[in-house]
Amino acid sequence: MIVDLPSTTTVAISKKLVALRQDTGAMALGRVLTLLIVVDEQDAEEAIQAANDASRQHPCRIIAVVIGNKRGQSRIDAQIRVGGDAGASEVVVLRLYGALTDHGRSVVIPLLLPDSPVVAWWPTDAPTHVAQDPIGSMAQRRITDAAESKSPRATLKARAEAYTRGDTDLAWTRVTLWRGLLAAALDQPPFEPVTEATVTGGSDSPSTDLLAAWLAQTLRCPVRRARSRTGTGMVSVRLERRSGAIDLVRPDGAIATLSQPGQPVRRISLARRATAECLADELRRLDPDEIYEETIRSGLARVGTKTVTATEAVRDGDAPSVQEAERESRRIARSTSKASSAEMVQTPPPAPQADTAVVKKAAARKLAKTKSTGATEKAKAAAKRAGKPAPSTKGSKA
């Protein structure tokens, strides 16, 4: 259900929310937080859809502050979405015009859920210091996305300088699976220190920069940043140890290969994470992320700004070859397919059919036994009613 409230006020919006709840019962009260989305008109629907999908794991009230034309008369055009149009949440879309575009905080305060956390999210452009933003200052968690900025590396540097506890970025969330796989690989023998590492990814990928910074901060070893063509995202990681290198390579953006000394190469599902999935991860924890804080404030400085091309890194033996990893992945897929098709499912042989005459004789014996037992029981019952001793069954065939 979608209810439009053109040229309205926050009081009218609050009354309409209460009326919808009382009249239709469309909205439950089990909301765990308020999610504030600050976005422009062009990206509003995509952001609201992502928030709806994330709310299926974290039911919340979504308030989308859509910044409209700053010229002209101040006005609020509101829209309330509930039921199937709002996922597991209730959505309030506030389109602000005129001078109200600079007073989003005053507009959303009356609509916040009482006694519940507040999370602010900027899907595209965000202020340099989000904690000092009027809306960001109300939130326990502030979510940005450096991948949507025009200069991701410069944006990460600005985020590091202006970091406040509670800040986070979806570029960091996108490498969660990579960090888990690398940590699991290092938890296996031989337990040797990493001497150096190389992280390869798109030149416009802030997730690659953050992963390199995390490795530099955690392993305290030299980390080289190699750049591939724009739009490729995270491509590969090589961790050098005395016994050999650990290579995690994702050639096609969906399936990765993990190779370690003394172990067979494995294919791993490592698809790029959707915005809704990353947003749901960030809504799962409302306390400050200390690892992200260490990574962005200290790790980025350890990596530095010097980079090499992916081709140079492969040529120098510092990074794995994507082409070789892709061929190895196809080889493993073919061998797995052949092994699966070669397996035969054998059913047990059917039981031999019994002879018809034998079955008839067994059924006749069973029927005679049942009749004999029934007649004896009836005779005993009749004798008991007449006060006579029960007839003897001696000599009868049971």
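Our subject is the structure listed above.
A count of helical and extended segments in the chain gives 12 helices and 15 strands. Per-residue burial for the chain yields a buried fraction of 43% across its 398 residues. Contacts spanning at least 24 positions in sequence make up 72% of the contacts within the chain whose residues lie at least 6 apart. Put simply, the chain shows about 21400 Å² of open surface, and 52% of that area lies on carbon and sulfur atoms.

This next bit is on the side chain of Arg-81. Tracing the backbone shows Arg-81 in strand β4 (residues 75-81). At a separation of 2.8 Å, a polar atom in the side chain of Arg-81 contacts the side chain of Glu-45. For Arg-81, the contacting residues outside a window of four places in its chain are Met-1, Ile-2, Glu-45, Ile-48, Ala-86, Glu-90, Val-91 and Val-93.

Now for the sheet that holds strand β11 (residues 234-241). With respect to topology, 7 strands assemble into an open sheet ordered β14-β13-β12-β11-β9-β10-β15, the strand pairing being mixed. Both outer strands of the open sheet, β14 (266-269) and β15 (307-309), are each paired with one neighbouring strand and no more. Strand-to-strand twist in this sheet, taken as the mean axis angle between neighbours without regard to direction, amounts to 20 degrees.

This paragraph deals with the pairing of strand β6 (residues 118-121). Of the two faces of β6, both are covered, the one formed by Val-118 and Ala-120 as well as the one formed by Val-119 and Trp-121. Here 3 bridges tie β6 to strand β7 (residues 141-144), and the two strands are oriented parallel to one another. From the neighbouring strand, Ala-120 faces β7, where its bridge partner is Arg-142.

So, on to the pattern of salt bridges. Evaluated as defined, the whole model comprises 25 salt bridges. We note a salt bridge from Asp-316 to Arg-224, for which the minimum N-O separation is 3.9 Å. With Asp-316 in the loop between α10 (310-315) and α11 (322-342) and Arg-224 in strand β10 (residues 223-228), this residue pair connects regions lying 92 residues apart in the sequence. Asp-316 serves as the salt-bridge partner of Arg-315, at 3.5 Å between the closest nitrogen and oxygen. Residue class for Arg-315 comes out exposed when judged on its relative accessible area of 63%. A residue is classified by how much of its surface remains accessible, and Asp-316, at 44% relative accessible area, is partly exposed. Look at the salt bridges and you will find they share partners, linking Glu-41, Glu-45, Arg-81 and Arg-95 into a network.

So, about the pairing of β7. Covered by surrounding structure in β7 are Arg-141 and Ile-143 together with Arg-142 and Thr-144, the residues of both alternating faces. Looking at chain direction, β7 and strand β8 (residues 167-169) are connected through 3 bridges and run parallel. Bridge pairing links Ile-143 to Thr-168 in β8. One crossover worth recording links β7 to the parallel β8 by way of helix α4 (residues 152-161), and it is right-handed.

Across the chain, the bulk of peptide bonds are trans and the bulk of non-glycine residues have phi less than zero. The residue after Pro-189, namely Pro-190, is reached through a cis peptide bond having omega 5 degrees. Its location among the elements puts Pro-190 in the loop between α6 (176-186) and β9 (196-202). Positioned with a positive phi, Asp-115 is a non-glycine residue whose angle comes to about 55 degrees. Overall, Asp-115 belongs to the exposed group, its relative accessible area being 86%.

Attention now goes to the packing of aromatic side chains. Under the defined criterion, the tally for this structure stands at 2 aromatic pairs. On the numbers, 5.8 Å between centres and 50 degrees between planes, the contact of Trp-172 with Tyr-292 is tilted. Of the two residues, Trp-172 sits in helix α5 (residues 170-173) while Tyr-292 sits in helix α9 (residues 290-303), which places them 120 residues apart along the sequence. Residue Trp-172 is classed as buried on the basis of its relative accessible area, which comes to 2%. Taking relative accessible area as the criterion, Tyr-292 reaches 1% and is therefore assigned buried. Pairwise contacts between aromatic rings join Tyr-163, Trp-172 and Tyr-292 into one cluster. The aromatic ring of Tyr-97 is capped on one face by Arg-75, whose charged end is 4.2 Å from the ring centroid.

As a further point, take helix α2 (residues 44-54). The complete set of buried residues in α2 reads Ala-44, Ala-47, Ile-48, Ala-50, Ala-51, Asn-52 and Ala-54. Of the surrounding secondary structure, the elements contacted by the buried residues of α2 are β2 (33-40), β3 (60-67), β4, β5 (90-97), β6 and α8 (275-284).

This next bit is on the environment of Phe-191. Positionally, Phe-191 belongs in the loop between α6 and β9. A sequence separation of 52 residues divides Phe-191 from Ser-243, and the C-alpha atoms of the two residues are 9.9 Å apart.

Glancing now at the sheet that holds β5. Strand order in the open sheet made by the 8 strands is β1-β4-β5-β3-β2-β6-β7-β8, with mixed pairing throughout. Edge strands, defined here as strands with exactly one partner in the open sheet, are β1 (2-5) and β8. Pairs of neighbouring strands in the sheet enclose a mean axial angle of 20 degrees, with direction left out of account. Relative to β3, β2 runs parallel, the two sharing 8 bridges. Along β3, the bridge assignment pairs Leu-33 with Cys-60.

So, on to α4. Taken as a whole, α4 has its buried residues at Pro-152, Thr-155, Leu-156, Arg-159 and Ala-160. On an axial view of α4, the arc spanned by its buried residues comes to 140 degrees, and they lie on one face. Opposite the packed face of α4, turned more than 90 degrees from it, sit the exposed residues Lys-157 and Glu-161. Elements that come into contact with the buried residues of α4 comprise β7, β8, α7 (206-219) and α9.

Cut-offs applied
Residues numbered from 1 in each chain as written. Predicted model: local features only at pLDDT ≥ 70, side-chain atom pairs only at ≥ 80, totals over all residues. Heavy atoms only, no water. Helix = DSSP H or I, 4+ residues; strand = E, 2+ residues; numbered from the N terminus. Buried < 20%, exposed > 50% of the residue type's maximum accessible area, 1.4 Å probe, protein only. Contact = heavy atoms within 4.5 Å. Areas by Shrake-Rupley, 256 points an atom, 1.4 Å probe, with all protein chains shown as cover. Polar contact = N/O pair within 3.5 Å; in protein donor to acceptor, adjacent residues only side chain to side chain. Pairing = 2+ DSSP bridges. Axes fitted to C-alpha atoms, helices over the stretch in contact; angles between N-to-C directions. Salt bridge = Lys/Arg side-chain N within 4 Å of Asp/Glu carboxyl O. Right-handed = clockwise from strand over helix to strand, strands pointing away. Phe/Tyr/Trp six-rings, centres within 6.5 Å; stacked < 30°, edge-to-face > 60°. Lys NZ or Arg CZ within 6 Å of the ring centre and 35° of its normal. Arc of directions from axis to C-beta.

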